[in-house]
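Structural description and commentary
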Amino acid sequence: MQSIFRNIKGDKTIWAIVALLAILSFLPVYSASSNLVYVVGNGTTVGHLLKHGLLLLLGFGIIFGMHRIPYRYFKGLSIIAMPVVFLLLVYTLAQGTTIGGANASRWVQIPFVGVSFQTSTLATVVLLIYVARYLSRIKDQEVTFNETLLPLWIPVFLVMALILPANFSTTAILFFMVLVLCFLGGYPTKYILSIIGAGIFCLLIFVLINKAFPDLLPNRIDTWVSRVENFANGEDTEADYQIEKAKIAIATGGVLGVGAGKSVMKNFLPQSSSDFIYAIIVEEYGLAGGLLLLFLYMLLLFRIVIVAYKADSVFGKLVVVGVGLPIVFQALINMAVAVELFPVTGQNLPLISTGGTSIWMSCMALGIILSVSAQRQEAVEQSGAPVDEEEQNPLEILSEQL
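What counts as what
Residues numbered from 1 in each chain as written. Predicted model: local features only at pLDDT ≥ 70, side-chain atom pairs only at ≥ 80, totals over all residues. Heavy atoms only, no water. Helix = DSSP H or I, 4+ residues; strand = E, 2+ residues; numbered from the N terminus. Buried < 20%, exposed > 50% of the residue type's maximum accessible area, 1.4 Å probe, protein only. Contact = heavy atoms within 4.5 Å. Areas by Shrake-Rupley, 256 points an atom, 1.4 Å probe, with all protein chains shown as cover. Axes fitted to C-alpha atoms, helices over the stretch in contact; angles between N-to-C directions. Parallel < 35°, antiparallel > 145°, perpendicular 65-115°, else oblique. Left-handed = near helix turned anticlockwise from the far one by under 90°. Salt bridge = Lys/Arg side-chain N within 4 Å of Asp/Glu carboxyl O. pLDDT = per-residue confidence, 0-100. Polar contact = N/O pair within 3.5 Å; in protein donor to acceptor, adjacent residues only side chain to side chain.

Moving on, we get to the overall build of the chain. A count of helices and strands for the chain gives 16 helices and four strands. Within the chain, the fraction of its 402 residues that count as buried is 48%. Relative to all contacts within the chain whose residues are 6 or more apart in sequence, the contacts with residues 24 or more apart total 73%. Summing over all exposed atoms, the chain offers an accessible surface of approximately 19200 Å²; the carbon and sulfur share of this is 67%.

Following this line, the structure appears as structure tokens:
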């Protein structure tokens, strides 16, 4: 055990936050999985808990393995992985899986292990690393839009076009993160505005084509529109069943909650162990439990910013922001949906909700962040510089920047 801890490098606070989130996930998952057992008739609560524990254990293995790889190697790996991502997304979309007439081709089944794999999560991590690599190459260079079209924007729009028909929320988050990276990477603002316009135009064309030819490609456009309309109207309809039950769960929780395992709404929320697990957490552990989770994700965001600030290269800074921010952003969206501050999106709560690939891809991203932090730590140790000179207090860093 001591040898394992000696080999753990990187930001210790991030390690602690991830471990704490994983530990805190067990009781809510065990409690909420009763919906799958007694309502859906799928497995046992112990079985779901063991599966969740195994997924987290594998996830920590991914973090450990990734953080031992020098982060500069991810530049080349992203180029190699992009064709693989394209093929996986095409295969996923070509399955033609539909639910209620809408495209639901998000997962592929991993042979022999019986675990489904959501290809868009892998595509998100790989694409953001790829974008960070390209932006680090052109940093401080004068570039034209045409020069960046083939190496940057065509891969970005191809990936988003393959994800969009079945998963609008993931596409929107990915597009937003690419724009953030471009802004931070010094990409010309006038080109970013052009890309925003092009993205909106492509989305409108996609919607109009599918409205005109609804049988051409089964899609979830009607679902997207109805969710936004119901959210804007502020009225609870049959389509808002999950939001209504989530609000009841949150209202029932009060300040300290009804107690672990005593949730009632978990039996009525279809996605109580995944998309709406935050509502169950607030019901069982109250406002205190909900704020604790929010604090942990905000602390994770703070440490991600610190790691990015201290990174010793432009690529290191951009890749930390690129793969780190979506984790916190997704968590905030999930919590906002549960309290009806945001339309239903289908985004789960990172490291808390059940699900294999979402946990693994979050762990992969965290491993990359820790790789950047570990390399900087090793550079400080090799230089022999005193820690108090190299490792400033995070609050001092923020005050200097302000």
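Structure shown, so let's carry the discussion forward.
Here we take up unusual backbone geometry. The phi dihedral of aspartate 140 is positive, around 65°, even though this residue is not glycine. Inspection of the secondary structure assignment puts aspartate 140 in the loop between α6 (119–137) and α7 (145–163). At glutamate 340, a residue that is not glycine, the phi angle is positive and equals roughly 60°. Locating glutamate 340 in the fold gives a position in the loop between α13 (314–338) and α14 (356–383).

Below, the discussion takes up the packing of helix α8 (residues 168–184) against α13. The angle between the axes and the distance between the axes are what describe a pair of packed helices. Their axes nearest at 10 Å, the elements α8 and α13 cross at an angle of 140°. One way to sum up the angle between α8 and α13 is to call them oblique. With respect to the hand of their crossing, α8 and α13 are arranged in right-handed fashion. Of the residues in α13, those in contact with Ile173, Phe176, Met177, Val180, Leu181 and Leu184 of α8 are Leu318, Val321, Gly322, Leu325, Pro326, Phe329 and Ile333.

The full count for this structure, using the stated rule, is two salt bridges. Of the charged contacts in the structure, one is a salt bridge between lysine 247 and glutamate 340, with a shortest N-O distance of 2.9 Å. One end of the pair, lysine 247, is in helix α11 (residues 241–253); the other, glutamate 340, is in the loop between α13 and α14, and 93 residues separate them in sequence.

It is worth spelling out the confidence of the model for the chain at this point. Interpreting fine coordinate detail is not advised for predicted regions of low pLDDT. Taken residue by residue, the chain gives an average pLDDT of 83. The fraction at 70 or more is 82%. Mean pLDDT across the elements of the chain bottoms out in helix α16 (residues 394–401) (41) and peaks in helix α12 (residues 277–310) (94). Predicted confidence for residues 98–103 stays below pLDDT 50, and this span has 18 contacts to residues more than four positions away or in other chains. The model gives residues 387–402 a pLDDT under 50, and that stretch makes 18 contacts with residues more than four places away or in other chains.

It is worth spelling out the side chain of serine 362 at this point. Following the sequence through the fold, serine 362 ends up in helix α14. The exposure class assigned to serine 362 is buried, which follows from its relative accessible area of 9%. Looking at serine 362, its side chain comes within polar contact range of the main-chain oxygen of serine 358, at 2.9 Å. Dropping the residues within four chain positions of it, serine 362 is found in contact with Ile327, Pro350 and Leu351.

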